[in-house]
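# Summary of structural features
Here is what each chain is made of, one letter per residue.
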Protein chains: 2
Amino acid sequence: MHNLSKNSFFIGIDLGGTKISTGIVDTSGKILAKTKLPTQAQKGPEFVIDQIVKSINLVIKKSRLNRHQISGIGIGSPGPLDTEKGIVHFAPNLPGWKEIPLKNKLESKTGFSVFVDNDANLAALGESWIGAGKGSKNLICITLGTGVGGGLILNGEIYHGSEDSAGEIGHITVEPSGPKCNCGNNGCLEAYSSATGIVNRTKEAIKSGEKTSLKEPITSKKVYLEALKGDKLSKRIMKQAGVYLGIALSNVANLLNLDMAIIAGNVAEAGEIIFEPARKEIKKRAIYPANKIKVVPAKLGTDAGIIGSARLVMIKKFFV
Amino acid sequence: MHNLSKNSFFIGIDLGGTKISTGIVDTSGKILAKTKLPTQAQKGPEFVIDQIVKSINLVIKKSRLNRHQISGIGIGSPGPLDTEKGIVHFAPNLPGWKEIPLKNKLESKTGFSVFVDNDANLAALGESWIGAGKGSKNLICITLGTGVGGGLILNGEIYHGSEDSAGEIGHITVEPSGPKCNCGNNGCLEAYSSATGIVNRTKEAIKSGEKTSLKEPITSKKVYLEALKGDKLSKRIMKQAGVYLGIALSNVANLLNLDMAIIAGNVAEAGEIIFEPARKEIKKRAIYPANKIKVVPAKLGTDAGIIGSARLVMIKKFFV
């Protein structure tokens, strides 16, 4: 079965709430062709699945490959899922998705083998394969976006946990009596270090009378840009996002003794203003040698999902 | 190589700062004979290693087995170590231990194959094999003793991390500006939920003028017993130990989606007074389905180390 050749190609798909990103990837991780289609999630699962099939056909055409050169399809899906069976239990951003057999549906509609995993896990897999985590055996890849997601690579493989829900670093408690998170808990990392968290904490501070040069409507990007310009409130909020990221990472480091934490997502673009306080907390809070964990920015940007999904096919079909 | 027979026996050793516990274990996990010798750690590594050899000879004699019936030796050691090479980097409770090649020394002194791992990892392995974690694939085993130790079983195997230091749940930050821990950090789980933490928090409260029926010298057992009798301060301290254990476990659950957390050690004997607030926090703080993690008491008591060490030999020699 170990017959992976340089002429094998793989389709990787990143299924999001607003768009479907699809690419054809070679054995080195190079994307030969890619395409983006709107998900139009409100039209329901059957429509979305047909959009996925459309994006597959589009990208094959674009690549000028023959169908028989393609070894299979990997797809990263949001929401709790059964990765073995390829069933999406539900997905908050995809209305109507309930126990959708994504793998079976795509297999019968395309004729290809299909492998499904969590989108955060596949971004982690992509980064660990040819991105910021290349050569690393144990890592976490964290996406600081609207929410905070995470994927774990342990001993070189995606770690799923008992019910496919591992990696939820966004809901680690970093401040027991901290502000309410969307999940119902208090003081989750997500309540401080996601875009939503940054905006909410900023609004709170303004409401309580703190002075700022920020103008409505508040976005996390604006808070970051005003922090760079020296706005005191914005600086405090961004630093706070970094400190709590560092507390969460110290916990992860002590527990899992990882090589690195890869930070992706829009908020990560703020760079050192978040990274530096995070590293400081790790130095203070993680014990030796777990405190050697490196905190680095992601390298693959929005392609991580496509590349990781393609890599999943290589692993599943060729045991590479 | 898969020739594990019912007539194979294994020596398991738990090397502690005050005593060496050694047992002979059969393929079902039954201990046929065991012995305890004082470590006399102050006499240095060479003496301690000779004590270990003495305990091995004693227990073989006690068991009436022939040496050729014994397949090898497993030993759980404290301190950061290289589990592959069987080298103990250092051990806070074993004076003079610095880069001690425990595996090689014991192999040349006994003629048996020797396998070394962290004591907390082997307790976890024992509990997962035939103890409270039987049948579970993903678990953490936490020892609430003088300190707080932890061992992780992920996908049925000991998870070591990049430098053999995974499982340090005792140093998870549960209260960022909490009391100082021995490790230098503030607000570690160990500062609240270990025996030392319980005593220190109690002394602090007494110093600050809180009334109590507790009498000097304070021990964690006394705090527990007074809590049962209704002493308000003791009740608060024990509950606090449970709440912070629950916060740490919520973090572990969200990150690793485990089947269960097994709680061992002296402090765990307090039972529901700690377990109940811990479970409550998990319900509040861990997300579905990670919040399904079971919190259960350990089953093997002080034998967990012996049994886990013996199991390590089975795994290493027979790939069971």
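Residues numbered from 1 in each chain as written. Chains lettered and ligands numbered in written order. Predicted model: local features only at pLDDT ≥ 70, side-chain atom pairs only at ≥ 80, totals over all residues. Heavy atoms only, no water.

Moving on: the nonpolar core. In this structure, Ile 169 of chain A together with Ile 169 of chain B are the most contacted members of the largest nonpolar core, which totals 100 residues. Excluding residues within four positions of it along the chain, Ile 169 of chain A makes contact with Ile 140, Ile 142, Val 148, Gly 149, Gly 150, Leu 189, Ala 248, Leu 249 and Val 252 of chain A together with Leu 255 of chain B. (Core = buried A, V, L, I, M, F, W, Y, C linked by side-chain atoms within 4.5 Å. Buried < 20%, exposed > 50% of the residue type's maximum accessible area, 1.4 Å probe, protein only. Contact = heavy atoms within 4.5 Å.)

A few words on the confidence of the model for chain A. Mean pLDDT over chain A works out to 96, with 99% of the residues at or above the 70 mark. Interface scoring of the predicted complex returns ipTM 0.96; its pTM is 0.96. (pLDDT = per-residue confidence, 0-100.)

Mapping chain A onto chain B leaves a residual RMSD of 0.0 Å; the transformation is a rotation of 180° accompanied by 0.0 Å of translation along its axis. With respect to symmetry, the two chain copies, as superposed, fit the operation of a two-fold axis. Measuring from the rotation axis to each C-alpha of chain A, the shortest distance belongs to Glu 175 of chain A, at 3.2 Å. Both copies present the same face, since 100% of the interface residues in chain A are matched by interface residues at the equivalent positions in chain B. (Least-squares fit on C-alpha atoms with pLDDT ≥ 70 in both.)

Further remarks concern the sheet that holds strand S5 (residues 81–82) of chain B. Residues and elements named next belong to chain B. Pairing is antiparallel across the open sheet formed by 3 strands, whose spatial order is S5-S6-S7. The outermost strands of the open sheet, each flanked by one partner alone, are S5 and strand S7 (98–100). Bridge count between S5 and strand S6 (residues 87–90): 2 bridges; the pairing is antiparallel. Each residue of the ladder has a partner; that of Leu 81, found in S6, is Val 88. (Pairing = 2+ DSSP bridges. Helix = DSSP H or I, 4+ residues; strand = E, 2+ residues; numbered from the N terminus.)

Let us now look at the packing of helix H5 (residues 195–207) of chain B against helix H7 (residues 232–256) of chain B. All names here are of chain B. Following both chains from N to C, one finds H5 and H7 inclined at 140°, their axes separated by 10 Å at the closest point. Classified by the interaxial angle, the pair formed by H5 and H7 is oblique. Here H5 and H7 pass one another in a crossing that is right-handed. Residues Ile 198, Arg 201, Thr 202, Ala 205 and Ile 206 of H5 form the contact with H7, whose participating residues are Leu 233, Arg 236, Ile 237, Met 238, Gln 240 and Ala 241. In terms of residue class, the contact of H5 with H7 is made up of 7 nonpolar, 2 polar and 2 charged. (Axes fitted to C-alpha atoms, helices over the stretch in contact; angles between N-to-C directions. Parallel < 35°, antiparallel > 145°, perpendicular 65-115°, else oblique. Left-handed = near helix turned anticlockwise from the far one by under 90°. Nonpolar A, V, L, I, M, F, W, Y, C, P; charged D, E, K, R; others polar.)

With 41 residues of chain A at the interface, the matching set in chain B holds 41 residues. Both sides of the chain A and chain B interface together cover about 3,500 Å² of buried area, and 52% of this is carbon and sulfur. Contact with chain B buries area across many residues of chain A, yet Tyr 159, Leu 255 and Arg 285 of chain A alone supply 19% of it, more than any other trio. The interface formed by chain A and chain B holds 2 salt bridges in total. Here Lys 292 of chain A ties to Glu 163 of chain B by a salt bridge, and the two come within 2.7 Å at their closest N and O atoms. At the junction of chain A with chain B, the criterion picks out 34 residue pairs in polar contact (both at pLDDT 80 or more). By residue number, the principal contributor to the side of chain A that touches chain B is helix H7 (residues 232–256) of chain A, which donates 7 residues. When the residues that make up the side of chain A that touches chain B are grouped by side-chain class, the tally is 19 nonpolar, 14 polar and 8 charged. (Buried area = accessible area lost by both parts, 1.4 Å probe. Salt bridge = Lys/Arg side-chain N within 4 Å of Asp/Glu carboxyl O. Polar contact = N/O pair within 3.5 Å; in protein donor to acceptor, adjacent residues only side chain to side chain.)

Below, the discussion takes up helix H5 (residues 195–207) of chain A. Residue and element names in this part refer to chain A. Between the first and last C-alpha of H5 there are 18 Å, a value that for 13 residues agrees with the 18 Å anticipated at 1.5 Å per step. Residues Ala 195, Gly 197, Ile 198, Val 199, Arg 201, Thr 202 and Ala 205 constitute the buried set of H5. Of the surrounding secondary structure, the elements contacted by the buried residues of H5 are helix H4 (190–193), helix H6 (220–228) and H7. Gly 209 lies just past H5 and shows a positive phi near 100°. (Expected span 1.5 Å × (residues − 1).)

Moving on to the sheet that holds strand S4 (residues 70–77) of chain B. Residues and elements named next belong to chain B. Reading across from one edge, S3-S2-S1-S4-S8 is the order of the 5 strands in this open sheet, with mixed pairing throughout. Among the strands making up the open sheet, the edge pair consists of strand S3 (31–38) and strand S8 (114–118). Averaged over all neighbouring strand pairs, the angle between strand axes comes to 20°, with direction disregarded. Sheet analysis places strand S1 (residues 9–15) next to S4, joined by 5 bridges and oriented parallel. Residue pairing across strands places Ile 11 opposite Ile 73, the latter belonging to S4. In this fold helix H2 (residues 102–110) packs onto S4 and S8, with an angle of close to 150° to the strand it touches most, S8.

All names here are of chain B. Within S4, 8 of the 8 residues are buried, leaving the element largely enclosed by the surrounding structure. Summarising the sheet, S4 and S8 pair through 5 bridges and their orientation is parallel. Note on S8: the bridge partner recorded for Ile 73 is Val 114.

It is worth spelling out the side chain of Ser 250 of chain A at this point. Residue and element names in this part refer to chain A. Looking at where Ser 250 falls in the secondary structure, it is placed in helix H7. Its relative accessible area of 0% is what places Ser 250 among the buried residues. One polar contact links the side chain of Ser 250 to the main-chain carbonyl oxygen of Gly 246, over a distance of 2.7 Å. What Ser 250 contacts, discounting residues up to four positions off in sequence, is Glu 281, Ile 282, Arg 285 and Ala 286.

Right, let's talk about the pattern of salt bridges for a bit. Going through the model one piece at a time under the given rule, you end up with 20 salt bridges over all chains. With a shortest N-O distance of 2.9 Å, Lys 109 of chain A and Asp 50 of chain A are connected by a salt bridge. Taken together, the residues span a long stretch of sequence, with Lys 109 of chain A in helix H2 (residues 102–110) and Asp 50 of chain A in helix H1 (residues 45–63) at a distance of 59 residues. Taking relative accessible area as the criterion, Lys 109 of chain A reaches 39% and is therefore assigned partly exposed. Lys 229 of chain B is the salt-bridge partner of Glu 226 of chain B, the closest N and O atoms lying 3.1 Å from each other. Here Lys 229 of chain B and Glu 226 of chain B lie together in helix H6 (residues 220–229), a separation of 3 residues that amounts to about one turn. On the accessibility criterion, Glu 226 of chain B (13% relative accessible area) is buried.

Within the element layout of this structure, Arg 285 of chain A appears in helix H8 (residues 272–285). Polar contacts involving the side chain of Arg 285 of chain A include one to the main-chain carbonyl oxygen of Pro 176 of chain B, which spans 2.9 Å. Dropping the residues within four chain positions of it, Arg 285 of chain A is found in contact with Ile 247, Ser 250 and Asn 254 of chain A together with His 171, Thr 173, Pro 176, Asn 185 and Asn 186 of chain B.

All right, on to unusual backbone geometry then. The peptide bond linking Glu 216 of chain A to Pro 217 of chain A adopts the cis configuration, its omega dihedral lying at -10°. If you trace the backbone, Pro 217 of chain A turns up in the loop between H5 and H6. Look at the link from Tyr 288 of chain B to Pro 289 of chain B: it is a cis peptide, with omega at 0°. Along the polypeptide, Pro 289 of chain B turns up in the loop between helix H8 (272–285) and strand S13 (294–297). Even without being a glycine, Gln 40 of chain A presents a positive backbone phi close to 50°. By the element assignment, Gln 40 of chain A lies in the loop between strand S3 (31–38) and H1. Even without being a glycine, Asn 257 of chain A presents a positive backbone phi close to 45°.

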